[in-house]
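Geometric and topological summary
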Amino acid sequence: MKITDCKELEKIAKEIRKNIIKQVYEAKSGHPGGSLSCADILTVLYFNQMNVSENEPEDFARDRFVLSKGHCSPALYATLAERGFIPKEELTTFRKIHSKLQGHPDKNKVPGIDMTTGSLGQGLSVANGMALSSKLNHDGYRVYCLLGDGEIEEGQIWEAAMTSSKYHLDNLCAILDYNGLQIDGKVEEVKGLDNIEGKWKSFGFNTIVVDGHNIEQLIDAFETAKMTKGKPSIIIAKTIKGKGVSFMENKAEWHGKAPKEEEYKLAMKELE
Amino acid sequence: MNEQIKIATRQSYGEALVELGKENENIVVLDADLSSATKTELFAKEFPERFFDMGIAEQDMLSTAAGFATCNKIPYVSTFAVFAAGRAYDQIRNSICYPNLNVKICATHSGITVGEDGATHQMLEDIVMMRALPNMTVLCPCDDVQTRWAIKEIAKIKGPVYVRMSRLATPTIYEKEQNFEIGKAVQIGEGTKASIIATGDVVCEAIKAKEELEKQGIFTRVIDMHTIKPIDKEMIIKCAKETEKIITIEDHNIIGGLGSSVCEVVAEEYPCKVIRMGIKDTFGQSGKAEELMKYYEITAENIIKEVKLS
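Residues numbered from 1 in each chain as written. Chains lettered and ligands numbered in written order. Predicted model: local features only at pLDDT ≥ 70, side-chain atom pairs only at ≥ 80, totals over all residues.

**Considerations on the overall build of chain B**
Of the regular secondary structure elements, chain B holds 13 helices and 14 strands. Whereas a compact globule of 310 residues would reach a radius of gyration of roughly 19 Å, chain B reaches 18 Å, a difference of no more than 12%. Dimensions of chain B, computed from C-alpha atoms along their principal axes, come out at roughly 55 × 40 × 40 Å. Looking at chain B residue by residue over its 310 residues, the buried ones come to 58%. Excluding contacts between residues fewer than 6 apart, the proportion of contacts in chain B whose partners are at least 24 apart in sequence is 80%. (Helix = DSSP H or I, 4+ residues; strand = E, 2+ residues; numbered from the N terminus. Rg over C-alpha atoms; globule rule 2.2 N^0.38 Å. Buried ≥ 20, exposed ≤ 12 C-beta atoms within 10 Å, placed from the backbone. Contact = placed C-beta atoms within 7 Å.)

Encoded structure:
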């Protein structure tokens, strides 16, 4: 499935946002802020870029995706449901006992999930392993890895960045959901995180900075990454935490909090 | 037991990996700047395209191995035990054991027998951490023959495995034809005075003790518990029933290791006294391996003394 019409992709992203809010509301817990900020990125990946099939989720030739910021599982589940990997009705079971939809993604429970994640900082290394494997046997599949900006405070991310670069993993494309906020506040303040593009550049990455809510820019960035040979790419997607729900936007407090009934109704109205 | 031919299990590991690499092209090997010490350099020389030196980045290494495993590769990952089980514990837990990925963690330089490097490098808690992880199999081979078997055998089972090996060269205990089975301990001798249950690089001490005691007319048996998980319950219960006492010995903290594993079994199945020999909840120090073994009381002489105490 490859949808090229940006308007149509925007519609899909809106549906995904609604289902993010629904899941977190139903579960009375979860992470809406960072899920909403990466909804457009996931839309472009699953409906325009990645070679995946809902009918054959285990197809060996498929492209791989690692949600390194695993707490944004509602965004991934909503995307997989929209694409037909899982039934939409199942979304109401998110975070409930015996559900396939665990708080953080479990590859052995949900079709279409390539890696179990949740403990931050490990996804890029895992993606490197997949990309190295693809190169070793000339399998040809590409590997995508979505990182949070708070997450890159983990040292292992930079260990992994050196690996991606050392092995010239041009079949790997990382995406940074750069929404600027983490639980305790702004990323610049909590850990002094700045010059993010410079950091990735100095680690040997091809960097592409885009508006992470602009579908067209995202598509172009992924195409540029594909054409870049000899080095890994990272798309630094400038995003807004809570994007699409006015009272959640740019508020760190919505990192991991469920909306109350009134807030839920308001959010769903805004997303109509 | 051949005390003339002493081989470190890490050496056997390196050589077995090369053989395995020839048989199975899905084997990939990762190391963290220690390939000359862990002996993965032998594989690297033979199969450079399937060897990945991850630099001094153990956490990255373990997670990268997980990525390989999702693509049907069988990664063998090596570094010192303290940096594998210790430094990369969370990666092993969340990226390997929880998703039940087919990663073989082959850790060398475990225990006090690391010697001169001292406490920071002497891993004494890896058995307890690794055996507490669901899906994990834990092996602790004791000689050259058994290590070679273990390295090849674990490629046949699907799922994470932790293999604990040593730096110290130890005697060859088994003949090449010896059969082993994961989860089945090896009984050496039929004596009923005591069961000396040992694992890894101190199995040879247990055998030395058994042989010396025989000369004095005291008959014991040695149980080589090469698989820590799943533990051989049947063998432990049998020994509890047949022998006067159970002594466990390990180059590991007595908290949580082999001794604790044995206690867990007898406490539930056949309550009896167990004497746990090992490192008594303390860190190690620098010194020659043999000196440290004496100081921390994990030698044949210490076992003999324990057997004779009634």
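**Here's the deal with helix α5 (residues 123-136) of chain A**
Residues and elements named next belong to chain A. When the terminal C-alpha atoms of α5 are compared, their 20 Å separation across 14 residues agrees well with the 20 Å that a helix rising 1.5 Å per residue should span. Taken residue by residue, α5 has Gly 123, Leu 124, Ser 125, Val 126, Ala 127, Asn 128, Gly 129, Met 130, Ala 131, Leu 132, Ser 133 and Ser 134 as its buried positions. Positive phi appears at His 138, one or two residues downstream of α5, with a value of about 55°. (Expected span 1.5 Å × (residues − 1).)

**What about the packing of helix α1 (residues 6-27) of chain A against helix α10 (residues 261-270) of chain A?**
Residues and elements named next belong to chain A. As a packed pair, α1 and α10 sit with axes 10 Å apart at the nearest point and diverge in direction by 170°. By the angle between their axes, α1 is roughly antiparallel relative to α10. On α10, the residues touching Lys 18, Ile 21 and Tyr 25 of α1 are Tyr 264, Ala 267 and Met 268. Residues that form the contact of α1 with α10 fall into these classes: five nonpolar, no polar and one charged. (Axes fitted to C-alpha atoms, helices over the stretch in contact; angles between N-to-C directions. Parallel < 35°, antiparallel > 145°, perpendicular 65-115°, else oblique. Nonpolar A, V, L, I, M, F, W, Y, C, P; charged D, E, K, R; others polar.)

**Notes on the sheet that holds strand β2 (residues 27-31) of chain B**
Residues and elements named next belong to chain B. In space, the seven strands of this open sheet follow the order β3-β2-β4-β5-β7-β6-β12, with mixed pairing throughout. Only two strands of the sheet have a single neighbouring strand rather than two, namely β3 (51-53) and β12 (227-229). On average, each strand axis in the sheet is inclined to that of its neighbour by 20°, with strand direction left out of account. Strand direction decides the pairing type here: strand β5 (residues 104-108) and strand β7 (residues 161-164), joined by four bridges, are parallel. In the strand pairing of β7, Ile 105 is matched with Tyr 162. (Pairing = 2+ DSSP bridges.)

**Comments concerning the environment of B:Ile92**
Residues and elements named next belong to chain B. Inspection of the secondary structure assignment puts Ile 92 in helix α6 (residues 89-97). Judged by local crowding, Ile 92 falls into the buried class, with 28 C-beta atoms found within 10 Å. Taking the C-alpha atoms as reference, Ile 92 lies 6.6 Å from Leu 62; in sequence the two are 30 residues apart.

**Quick word on the interface of chain B and chain A**
In this assembly, 23 residues from chain B lie in contact with 22 residues from chain A. In terms of residues, the side of chain B that touches chain A owes the most to one element, helix α4 (residues 58-70) of chain B, which gives nine residues. Residue composition of the side of chain B that touches chain A, grouped by class: nine nonpolar, ten polar and four charged.

**A look at unusual backbone geometry**
Look at the link from B:Lys229 to B:Pro230: it is a cis peptide, with omega at 0°. The residue B:Pro230 is located in the loop between β12 and α10 (233-242) in this model. The backbone phi angle of A:His168 is positive, close to 50°, even though this residue is not glycine. Relative to the elements of secondary structure, A:His168 occurs in the loop between α6 (155-166) and β3 (172-178). By C-beta crowding, A:His168 is classed as partly exposed, having 15 other C-beta atoms within 10 Å. In this structure, A:Asn250 takes a positive phi of about 60° despite not being glycine. Residue position: A:Asn250 is located in the loop between β7 (233-238) and α10.

**Observations concerning the domain arrangement of chain B**
Residue and element names in this part refer to chain B. Partitioning chain B into domains gives domain 1 (2-172) and domain 2 (186-308). Between domain 1 and domain 2, the C-alpha centre-to-centre distance is 24 Å. On the side of domain 2, 29 residues touch domain 1, which itself brings 27 residues to the contact. Those elements that place two or more of their residues in the side of domain 1 that touches domain 2 are α7 (126-131), β6 (137-139) and β8 (169-172). Its residues assigned to classes, the side of domain 1 that touches domain 2 shows 13 nonpolar, ten polar and four charged. (Domains from an automatic or database assignment.)

**Some points on the packing of α1(A) against helix α3 (residues 39-49) of chain A**
Two numbers describe a pair of packed helices, the interaxial angle and the distance between the axes. Residue and element names in this part refer to chain A. α3 packs onto α1 with a crossing angle of 125° between their chain directions and a minimal axis gap of 9 Å. As the angle between them shows, α1 and α3 are arranged oblique. As α1 packs across α3, the resulting crossing turns out to be right-handed. Along the contact surface, α1 presents Leu 9, Ile 12, Ala 13, Ile 16, Arg 17 and Ile 20, while α3 presents Ala 39, Asp 40, Leu 42, Thr 43, Val 44, Phe 47 and Asn 48. In terms of residue class, the contact of α1 with α3 is built from nine nonpolar, two polar and two charged. (Left-handed = near helix turned anticlockwise from the far one by under 90°.)

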